[in-house]
Amino acid sequence: MKHLMLTGAAVLLAAAVTLPSSPAAFAGETLDRVMSTKTLTLSSDPEYPPQSFLNDRNEMDGFDVGVAREIAKRMGAELKIVTPAWEIITAGNWGGRWDISVGSMTPTTARAKVLDFPAVYYYTPAAFAVHKDSAATSAADLNGKKIGVCGGCTYEAYLNKNLVIDAEGTPEFTYDVTAGEMRTYETDVNVLDDLRLGDGARLDGLLSARPTIDEAIKNGYPVKVIGEPAFYEPLAVAVDKGDPEFSAKVAEIVNEMHEDGTLRALSIKWYGTDLTSAD
């Protein structure tokens, strides 16, 4: 779904967690390690509100963090957090440095070669947005325009017209916008920062997750959403390959959280709506 920028705060947060000195020793033994140490280590992003961020108490918070805390709780474990770069998370071969990613990750075909996706926990609409002074009212108005996206994200793949999301239940979508120029950024926040400078100043529009755009608007960014969602992303919990028992346990817990309404309650708390299905 998105990319990641590692900041000084993130470095301090990562440094607070002791990582294993011999990562390879844990290959295939994730569940045993989590259950024996009573610690579930999460890879997360401190600058991706409302999914994950450092709150006013300098603590990690947000929808994704809340979901991860509940998974840890149901495993009888404490949640620890590290903040590796997004490209390192999606590259797989974690070697025991962390156990799980609850980071709004889209289970693409390429990522499935190096990671397992035990469970989809919510869906998010991808939306086009423009500066509030823009005359654009529909996605079609961005044809031939300068559009910003985070590099390596599904939004870049969409504009390149080569997005593949093969998770079960993914709604069909069509490619309705052809950018005149696509500009890629390290994070969605960087894209929003350039769009806020003015209509056409650096960008004519952007494509990002609707919740990310809504959060920016809530925080005073002069942008507006236009048109219908470009596509819906199923967003999944990711784990490293090599431990089917751990994957099965995570799937079992997330399914329980769907069934008992926990995920729905967390979605409404952070997004104001139920994003746990694509209906």
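Structure: above.
None of the values given here were measured: they were computed from a predicted structure.

**Student:** Let's hear about the overall build of the protein chain: which residues, and what values?
**Tutor:** The number of helices and strands found in the protein chain is nine helices and eleven strands. Taken over 279 residues, the protein chain has a buried fraction of 52%. Taking all contacts inside the protein chain whose residues are at least 6 apart in sequence as the whole, residues at least 24 apart take part in 76%. If you sum the accessible surface of the protein chain, you get close to 12000 Å²; carbon and sulfur atoms cover 49% of it.

**Student:** So, the pairing of strand 7 (residues 115-131): which residues are in play, and what are the values?
**Tutor:** Most of strand 7 sits inside the fold, with 13 of its 17 residues counted as buried. Note: strand 7 against strand 10 (residues 205-209), four bridges, orientation antiparallel. The residue bridging Ala127 from the neighbouring strand is Ser208, located in strand 10.

**Student:** Give me the lowdown on the sheet that holds strand 3 (residues 52-54), citing residues and values where you can.
**Tutor:** In spatial order, the strands read 2-3-4; together these three strands make up an open sheet with antiparallel pairing. Sheet topology places strand 2 (47-48) and strand 4 (60-61) at the edges, where each strand pairs with a single neighbour.

**Student:** Go over the packing of aromatic side chains, please, and point to the residues and values.
**Tutor:** Enumeration according to the criterion identifies 14 aromatic pairs in this entry. Seen in terms of ring centroids, Phe63 and Tyr271 are 5.1 Å apart; in terms of plane orientation they differ by 55°. Their pairing is tilted. Here the residue Phe63 occupies a position in helix 3 (residues 63-74), and Tyr271 occupies one in helix 9 (residues 262-271), the gap between them amounting to 208 residues. For the pair Phe63 and Tyr271, one class covers both residues: buried. Cluster of aromatic residues (ring-pair linked, three or more members): Phe128, Tyr155, Tyr158, Phe173, Tyr175 and Phe231. Arg196 extends its terminal NZ or CZ atom over the ring of Tyr221, reaching a point 3.8 Å from the ring centre.

**Student:** I'd like a description of the pattern of salt bridges, backed by residues and values.
**Tutor:** This model, assessed by the stated rule, comprises 13 salt bridges. The closest approach of N and O atoms between Glu256 and Arg74, which form a salt bridge, is 3.9 Å. Of the two residues, Glu256 sits in helix 8 (residues 244-259) while Arg74 sits in helix 3, which places them 182 residues apart along the sequence. With relative accessibility at 32%, the residue Glu256 sits in the partly exposed group. A relative accessible area of 25% places Arg74 in the partly exposed class. Between Asp116 and Lys241 there is a salt bridge; the shortest N-O distance is 2.7 Å. One end of the pair, Asp116, is in strand 7; the other, Lys241, is in the loop between strand 11 (223-240) and helix 8, with 125 residues separating them in the sequence. Residue classification places Lys241 among the partly exposed residues on the basis of a relative accessible area of 38%. Here the residues in one salt-bridge network are Glu70, Arg74, Glu256 and Asp260, joined through shared partners.

Here is what the cut-offs are and how they apply
Residues numbered from 1 in each chain as written. Predicted model: local features only at pLDDT ≥ 70, side-chain atom pairs only at ≥ 80, totals over all residues. Heavy atoms only, no water. Helix = DSSP H or I, 4+ residues; strand = E, 2+ residues; numbered from the N terminus. Buried < 20%, exposed > 50% of the residue type's maximum accessible area, 1.4 Å probe, protein only. Contact = heavy atoms within 4.5 Å. Areas by Shrake-Rupley, 256 points an atom, 1.4 Å probe, with all protein chains shown as cover. Pairing = 2+ DSSP bridges. Phe/Tyr/Trp six-rings, centres within 6.5 Å; stacked < 30°, edge-to-face > 60°. Lys NZ or Arg CZ within 6 Å of the ring centre and 35° of its normal. Salt bridge = Lys/Arg side-chain N within 4 Å of Asp/Glu carboxyl O.

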